[in-house]
Amino acid sequence: MNILIHPTYFPNIAHFVAIVKAEKVTFEYDDHFLKQTYRSRTYIYAANGKLLLNIPVVHTQKNRQKYKEVKISQETNWQKHHWKSLLSAYSTSPFFEYYQDELVYLFKTKTNYILDFNLNCFEVICDCLQLTLDYSKTGEYQKIVEETTDFRYLVNAKTDEPKFQPYSQVFDDKHGFINNLSILDLLFNEGPNALSYLESQTISAI
(Lines give C-alpha, C1' and ligand atoms only; values in the text may rest on other atoms or scores of the structure.)
Protein backbone atom coordinates (compact mmCIF):
# COMPACT_ATOMS: atom_id res chain seq x y z
CA MET A 1 0.00 0.00 0.00
CA ASN A 2 1.25 3.45 -0.97
CA ILE A 3 -0.01 6.26 1.26
CA LEU A 4 -0.16 10.05 1.27
CA ILE A 5 -0.07 11.60 4.72
CA HIS A 6 0.98 14.79 6.54
CA PRO A 7 4.11 15.07 8.65
CA THR A 8 2.80 16.24 12.03
CA TYR A 9 4.18 17.15 15.44
CA PHE A 10 5.07 13.82 17.09
CA PRO A 11 2.35 12.01 15.11
CA ASN A 12 -0.46 10.27 16.92
CA ILE A 13 -1.06 6.52 16.93
CA ALA A 14 -3.36 6.67 13.90
CA HIS A 15 -0.66 8.28 11.77
CA PHE A 16 1.90 5.68 12.71
CA VAL A 17 -0.46 2.72 12.23
CA ALA A 18 -0.95 3.91 8.63
CA ILE A 19 2.77 4.50 8.16
CA VAL A 20 4.04 1.14 9.44
CA LYS A 21 1.62 -0.71 7.17
CA ALA A 22 2.67 1.22 4.05
CA GLU A 23 5.12 0.07 1.42
CA LYS A 24 5.73 3.64 0.34
CA VAL A 25 5.06 6.87 2.25
CA THR A 26 4.64 10.24 0.58
CA PHE A 27 4.43 13.33 2.78
CA GLU A 28 2.16 16.20 1.80
CA TYR A 29 4.31 19.34 1.52
CA ASP A 30 2.25 21.54 -0.73
CA ASP A 31 -1.10 22.14 0.90
CA HIS A 32 -2.09 25.25 2.84
CA PHE A 33 -1.52 25.55 6.57
CA LEU A 34 -4.67 25.39 8.66
CA LYS A 35 -5.07 26.16 12.35
CA GLN A 36 -6.19 23.58 14.92
CA THR A 37 -4.67 20.61 13.15
CA TYR A 38 -1.97 18.15 14.11
CA ARG A 39 0.52 20.07 11.96
CA SER A 40 1.35 22.12 15.06
CA ARG A 41 -0.08 20.12 17.96
CA THR A 42 0.09 16.81 19.75
CA TYR A 43 -1.62 15.35 22.81
CA ILE A 44 0.03 13.55 25.71
CA TYR A 45 -1.24 11.91 28.92
CA ALA A 46 -0.51 14.16 31.90
CA ALA A 47 -1.47 13.79 35.57
CA ASN A 48 -4.76 15.62 34.98
CA GLY A 49 -5.60 13.77 31.77
CA LYS A 50 -5.22 14.67 28.11
CA LEU A 51 -2.82 17.59 27.60
CA LEU A 52 -2.33 19.67 24.45
CA LEU A 53 1.17 20.67 23.38
CA ASN A 54 0.98 23.34 20.69
CA ILE A 55 3.82 24.86 18.66
CA PRO A 56 3.37 28.64 18.20
CA VAL A 57 3.70 29.81 14.61
CA VAL A 58 4.25 33.14 12.91
CA HIS A 59 1.07 34.39 11.27
CA THR A 60 1.57 36.46 8.15
CA GLN A 61 -0.71 38.76 6.17
CA LYS A 62 -1.03 36.10 3.51
CA ASN A 63 -4.48 34.54 3.63
CA ARG A 64 -3.33 31.19 2.39
CA GLN A 65 0.14 30.24 3.53
CA LYS A 66 1.75 27.02 2.38
CA TYR A 67 2.54 24.51 5.14
CA LYS A 68 6.19 24.40 4.10
CA GLU A 69 6.45 28.20 4.41
CA VAL A 70 5.15 28.51 7.98
CA LYS A 71 7.75 29.65 10.50
CA ILE A 72 7.88 28.75 14.18
CA SER A 73 7.46 31.70 16.54
CA GLN A 74 10.43 32.12 18.86
CA GLU A 75 8.76 34.73 21.08
CA THR A 76 8.22 32.20 23.86
CA ASN A 77 10.37 29.33 25.07
CA TRP A 78 7.84 26.74 23.98
CA GLN A 79 10.48 24.02 23.65
CA LYS A 80 11.39 24.31 27.32
CA HIS A 81 7.70 24.20 28.26
CA HIS A 82 7.02 21.12 26.12
CA TRP A 83 10.03 19.25 27.48
CA LYS A 84 9.02 20.05 31.07
CA SER A 85 5.53 18.76 30.29
CA LEU A 86 6.98 15.52 28.92
CA LEU A 87 9.18 15.11 31.98
CA SER A 88 6.23 15.66 34.29
CA ALA A 89 4.02 13.25 32.35
CA TYR A 90 6.44 10.45 31.59
CA SER A 91 9.46 10.51 33.90
CA THR A 92 8.00 7.54 35.81
CA SER A 93 7.02 5.61 32.66
CA PRO A 94 8.88 2.34 31.98
CA PHE A 95 10.94 3.55 29.01
CA PHE A 96 11.30 7.35 29.28
CA GLU A 97 14.92 7.18 30.43
CA TYR A 98 15.69 4.78 27.60
CA TYR A 99 14.72 7.31 24.92
CA GLN A 100 15.15 10.74 26.49
CA ASP A 101 18.70 11.31 25.24
CA GLU A 102 17.56 10.83 21.64
CA LEU A 103 14.67 13.24 22.08
CA VAL A 104 15.99 16.04 24.27
CA TYR A 105 18.11 17.71 21.58
CA LEU A 106 14.91 18.44 19.60
CA PHE A 107 13.91 20.74 22.46
CA LYS A 108 17.28 22.45 22.68
CA THR A 109 17.82 23.23 18.99
CA LYS A 110 15.91 26.00 17.26
CA THR A 111 14.35 25.23 13.88
CA ASN A 112 12.90 27.95 11.66
CA TYR A 113 10.13 26.10 9.87
CA ILE A 114 7.50 23.89 11.46
CA LEU A 115 7.57 21.37 8.62
CA ASP A 116 11.32 20.88 9.09
CA PHE A 117 10.88 20.47 12.83
CA ASN A 118 8.11 17.90 12.36
CA LEU A 119 10.30 15.90 9.99
CA ASN A 120 13.14 15.98 12.53
CA CYS A 121 10.74 14.63 15.18
CA PHE A 122 9.53 11.94 12.79
CA GLU A 123 13.04 10.74 11.99
CA VAL A 124 14.00 10.54 15.66
CA ILE A 125 10.86 8.51 16.42
CA CYS A 126 11.68 6.14 13.56
CA ASP A 127 15.13 5.63 15.11
CA CYS A 128 13.55 4.93 18.49
CA LEU A 129 11.14 2.44 16.92
CA GLN A 130 13.94 0.93 14.84
CA LEU A 131 11.71 1.52 11.86
CA THR A 132 13.51 1.79 8.53
CA LEU A 133 11.42 3.91 6.23
CA ASP A 134 12.10 5.67 2.96
CA TYR A 135 9.72 8.51 2.28
CA SER A 136 9.22 11.02 -0.50
CA LYS A 137 7.45 14.35 -0.67
CA THR A 138 4.84 15.85 -2.95
CA GLY A 139 5.88 18.24 -5.69
CA GLU A 140 2.48 19.85 -6.06
CA TYR A 141 -0.87 19.72 -4.32
CA GLN A 142 -3.50 17.36 -5.71
CA LYS A 143 -6.97 17.27 -4.20
CA ILE A 144 -7.61 13.76 -5.54
CA VAL A 145 -4.81 11.21 -5.81
CA GLU A 146 -4.70 7.96 -7.75
CA GLU A 147 -2.90 4.72 -6.94
CA THR A 148 -2.25 6.08 -3.46
CA THR A 149 -4.28 5.68 -0.27
CA ASP A 150 -5.10 9.15 1.03
CA PHE A 151 -4.64 9.50 4.79
CA ARG A 152 -4.39 13.28 4.78
CA TYR A 153 -7.69 13.49 6.65
CA LEU A 154 -5.87 12.34 9.79
CA VAL A 155 -4.27 15.78 10.13
CA ASN A 156 -7.63 17.23 11.17
CA ALA A 157 -7.81 17.25 14.96
CA LYS A 158 -11.62 17.27 14.79
CA THR A 159 -11.89 14.09 12.71
CA ASP A 160 -13.53 11.11 14.39
CA GLU A 161 -10.59 9.12 15.69
CA PRO A 162 -10.16 5.39 15.04
CA LYS A 163 -10.22 3.27 18.18
CA PHE A 164 -7.17 1.26 19.18
CA GLN A 165 -6.51 -1.52 21.65
CA PRO A 166 -5.61 -0.28 25.15
CA TYR A 167 -2.05 -0.50 26.44
CA SER A 168 -0.69 0.47 29.87
CA GLN A 169 -0.44 4.22 30.50
CA VAL A 170 1.12 6.03 33.45
CA PHE A 171 -2.08 7.57 34.79
CA ASP A 172 -4.65 5.07 33.55
CA ASP A 173 -5.55 4.22 37.15
CA LYS A 174 -6.87 7.80 37.46
CA HIS A 175 -8.43 8.52 34.10
CA GLY A 176 -8.56 5.19 32.25
CA PHE A 177 -7.14 4.54 28.79
CA ILE A 178 -6.88 7.59 26.52
CA ASN A 179 -7.02 6.67 22.84
CA ASN A 180 -4.85 7.91 19.96
CA LEU A 181 -2.35 10.08 21.80
CA SER A 182 1.08 11.09 20.52
CA ILE A 183 3.41 8.29 19.49
CA LEU A 184 5.51 9.41 22.47
CA ASP A 185 2.90 8.01 24.85
CA LEU A 186 3.13 4.57 23.26
CA LEU A 187 6.92 4.69 23.06
CA PHE A 188 7.45 5.66 26.69
CA ASN A 189 4.99 3.05 27.94
CA GLU A 190 5.67 0.13 25.62
CA GLY A 191 9.28 0.68 24.56
CA PRO A 192 10.58 -1.99 22.14
CA ASN A 193 7.08 -3.47 21.92
CA ALA A 194 5.69 -0.25 20.39
CA LEU A 195 6.35 -1.29 16.80
CA SER A 196 4.63 -4.66 17.26
CA TYR A 197 1.65 -2.86 18.77
CA LEU A 198 1.39 -0.51 15.77
CA GLU A 199 1.60 -3.43 13.35
CA SER A 200 -1.23 -5.20 15.16
CA GLN A 201 -3.71 -2.30 14.83
CA THR A 202 -5.95 -1.46 11.89
CA ILE A 203 -6.98 1.79 10.22
CA SER A 204 -9.02 2.66 7.17
CA ALA A 205 -8.85 5.48 4.71
CA ILE A 206 -11.97 7.56 4.09
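The rules we used
- Residues numbered from 1 in each chain as written.
- Predicted model: local features only at pLDDT ≥ 70, side-chain atom pairs only at ≥ 80, totals over all residues.
- Heavy atoms only, no water.
- Helix = DSSP H or I, 4+ residues; strand = E, 2+ residues; numbered from the N terminus.
- Buried < 20%, exposed > 50% of the residue type's maximum accessible area, 1.4 Å probe, protein only.
- Arc of directions from axis to C-beta.
- Contact = heavy atoms within 4.5 Å.
- Salt bridge = Lys/Arg side-chain N within 4 Å of Asp/Glu carboxyl O.

J.: So what's going on with unusual backbone geometry? Which residues, and what values?
T.: Among all residues save glycine, negative phi is the norm, and among peptide bonds the norm is trans. The phi dihedral of Phe10 is positive, around 40 degrees, even though this residue is not glycine. Note that Phe10 resides in the loop between strand 1 (2–5) and helix 1 (13–20). Residue classification places Phe10 among the buried residues on the basis of a relative accessible area of 1%. With a phi angle near 55 degrees, Asn180 is a residue other than glycine that sits in the positive phi range. Mapped onto the elements of the fold, Asn180 is located in the loop between helix 5 (172–175) and helix 6 (183–190).

J.: Give me the lowdown on helix 3 (residues 96–104), citing residues and values where you can.
T.: All buried positions along helix 3 are accounted for by Phe96, Tyr99, Leu103 and Val104. Projected down its long axis, helix 3 carries its buried residues within an arc of 130 degrees, all on one side. Exposed and facing more than 90 degrees away from the buried side of helix 3 are Glu97, Tyr98 and Asp101. The elements touched by buried residues of helix 3 are helix 2 (78–90), helix 4 (114–129) and helix 6.

J.: Could you give an account of the pattern of salt bridges, naming the residues involved and the relevant values?
T.: In this structure the tally under the stated criterion is 4 salt bridges. Note that Glu28 and Arg152 form a salt bridge whose closest N and O atoms lie 2.8 Å from each other. One end of the pair, Glu28, is in the loop between strand 2 (24–27) and strand 3 (41–46); the other, Arg152, is in the loop between strand 6 (149–150) and helix 5, with 124 residues separating them in the sequence. On the accessibility criterion, Glu28 (0% relative accessible area) is buried. Residue classification places Arg152 among the buried positions, given a relative accessible area of 8%. As a salt-bridge pair, Arg39 and Asp31 come within 2.5 Å of each other at their nearest N and O atoms. Using a relative accessible area of 7% as the deciding quantity, one classes Asp31 as buried. Through salt bridges with shared partners, one network takes in Glu28, Asp150 and Arg152.

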